[in-house]
Amino acid sequence: MQDFRMETFLAVCRTMNYTRAAKELGLTQPAVSQHIRYLEKVYGVELFVQNGKKIALTAAGEILRNAVLTMKHDEIHMKKRMQQNGNIFLGQPYLWQNL
């Protein structure tokens, strides 16, 4: 699974509100703020801008949101494909199954 802070980021993107995102995730608002600050520090960009009481995604935030959504979709698709192949056993490489 992706870094849990990415789930926080996506929740803020959905709600455009730190407090509502915190409630949705079962976190405190300061924890949500900390997660976003961490991501901003890692990537060296601002992800949201404050406009009065409202927030909006920056261009960098849009790029990150699109990338994270793509990765999340790919991960779900990969997991389904892996689970559909029932002849693979944990701990054994796939090639060994066909020997």
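Everything below is about the structure printed above this text.
First, a word on scope: everything that follows refers to the structure included in this document. (Residues numbered from 1 in each chain as written. Predicted model: local features only at pLDDT ≥ 70, side-chain atom pairs only at ≥ 80, totals over all residues. Heavy atoms only, no water.)

### Structural notes on helix α1 (residues 4-15)
Here comes step 1: With 12 residues, α1 extends 17 Å between its outermost C-alpha atoms, agreeing within 8% with the 16 Å of an ideal straight helix rising 1.5 Å per residue.
Here comes step 2: With respect to burial, α1 is a largely interior element, 10 of its 12 residues being buried.
Here comes step 3: Those residues of α1 that sit buried are Arg5, Met6, Glu7, Thr8, Phe9, Leu10, Ala11, Val12, Cys13 and Thr15.
Here comes step 4: Packing partners of the buried residues in α1 comprise α2 (18-25), α3 (29-43), β1 (48-51), β2 (54-57) and α4 (59-84).
Here comes step 5: Taking the backbone nitrogen of Arg5 as reference, a side-chain oxygen 2.8 Å away marks Asp3 as the first, capping residue of α1.
Here comes step 6: Phi turns positive one or two residues past the end of α1, at Met16, with a value near 50°. (Helix = DSSP H or I, 4+ residues; strand = E, 2+ residues; numbered from the N terminus. Expected span 1.5 Å × (residues − 1). Buried < 20%, exposed > 50% of the residue type's maximum accessible area, 1.4 Å probe, protein only. Contact = heavy atoms within 4.5 Å. Polar contact = N/O pair within 3.5 Å; in protein donor to acceptor, adjacent residues only side chain to side chain.)

### Comments concerning unusual backbone geometry
Here comes step 1: Here the phi dihedral of Met16 falls at roughly 50°; this positive angle occurs in a residue that is not glycine.
Here comes step 2: One can find Met16 in the loop between α1 and α2.

### Quick word on the packing of α1 against α2
Here comes step 1: Where α1 meets α2, the closest approach of the two axes is 8 Å, and the angle between their N-to-C directions is 125°. As summarised for this structure, α1 and α2 are arranged oblique, according to the angle between their axes. Helix-helix and strand crossings are classified by hand; for α1 and α2 the assignment is right-handed. Taken together, the residues of α2 that come into contact with α1 (itself represented by Glu7, Thr8, Ala11, Val12, Arg14 and Thr15) are Tyr18, Arg20, Ala21, Glu24 and Leu25. (Axes fitted to C-alpha atoms, helices over the stretch in contact; angles between N-to-C directions. Parallel < 35°, antiparallel > 145°, perpendicular 65-115°, else oblique. Left-handed = near helix turned anticlockwise from the far one by under 90°.)

### What about the packing of α2 against α3?
Here comes step 1: The interhelical angle for the contact between α2 and α3, taken along N-to-C directions, is 105°, at an axis separation of 8 Å. It follows that α2 is roughly perpendicular to α3 by the angle criterion. Each of Tyr18, Thr19, Ala21 and Ala22 in α2 lies in contact with α3, whose residues at this interface are Gln29, Val32, Ser33 and Ile36.
Here comes step 2: Class assignment for the residues of the contact of α2 with α3 results in 5 nonpolar, 3 polar and no charged. (Nonpolar A, V, L, I, M, F, W, Y, C, P; charged D, E, K, R; others polar.)

### What to know about the environment of Arg20
Here comes step 1: Here Arg20 is to be found in helix α2.
Here comes step 2: The spacing of Arg20 and Val32 is 12 residues in sequence and 10.0 Å in space, taken between C-alpha atoms.
Here comes step 3: Of note is the side chain of Arg20, whose polar atom sits 3.3 Å from the backbone oxygen of Thr15.

### Here's the deal with the nonpolar core
Here comes step 1: Phe9, Val12, Tyr18, Ile36, Leu47, Phe48 and Leu64 are the most contacted members of the largest nonpolar core, which has 18 residues in total.
Here comes step 2: If you list the elements that add at least two residues to this core, you get α1, α2, α3, β2 and α4. (Core = buried A, V, L, I, M, F, W, Y, C linked by side-chain atoms within 4.5 Å.)

### Focus on a nonpolar patch on the surface
Here comes step 1: Nonpolar side chains collect at one region of the surface, where Tyr38, Val42, Tyr43 and Val45 lie side by side and expose about 350 Å² of accessible area between them.
Here comes step 2: Locating Tyr43 in the fold gives a position in helix α3. (Patch = residues over 30% accessible without salt bridge, like charges linked within 9 Å, V, L, I, M, F, W, Y side chains within 5 Å. Areas by Shrake-Rupley, 256 points an atom, 1.4 Å probe, with all protein chains shown as cover. Salt bridge = Lys/Arg side-chain N within 4 Å of Asp/Glu carboxyl O.)

### Quick word on the packing of aromatic side chains
Each aromatic ring pair is summarised here by two numbers: the centre-to-centre distance and the angle between the ring planes.
Here comes step 1: What the rule picks out here adds up to 2 aromatic pairs.
Here comes step 2: A ring pair is formed by Phe9 and Phe48, whose centres lie 5.7 Å apart and whose planes are at 55°; its orientation type is tilted. Remark: Phe48 occurs in strand β1 and Phe9 occurs in helix α1; sequence separation between them is 39 residues. For the pair formed by Phe9 and Phe48, the shared burial category is buried.
Here comes step 3: Centre to centre, the rings of Tyr18 and Phe48 are 6.2 Å apart; their planes meet at 70°, and the pair counts as edge-to-face. Here Tyr18 is found in helix α2, whereas its partner Phe48 is found in strand β1, with 30 residues between them in sequence.
Here comes step 4: Ring pairs connect the aromatic residues Phe9, Tyr18 and Phe48, which therefore count as one cluster.
Here comes step 5: The cationic tip of Arg5 hangs over the ring face of Tyr38; the distance from NZ or CZ to the ring centre is 3.7 Å. (Phe/Tyr/Trp six-rings, centres within 6.5 Å; stacked < 30°, edge-to-face > 60°. Lys NZ or Arg CZ within 6 Å of the ring centre and 35° of its normal.)

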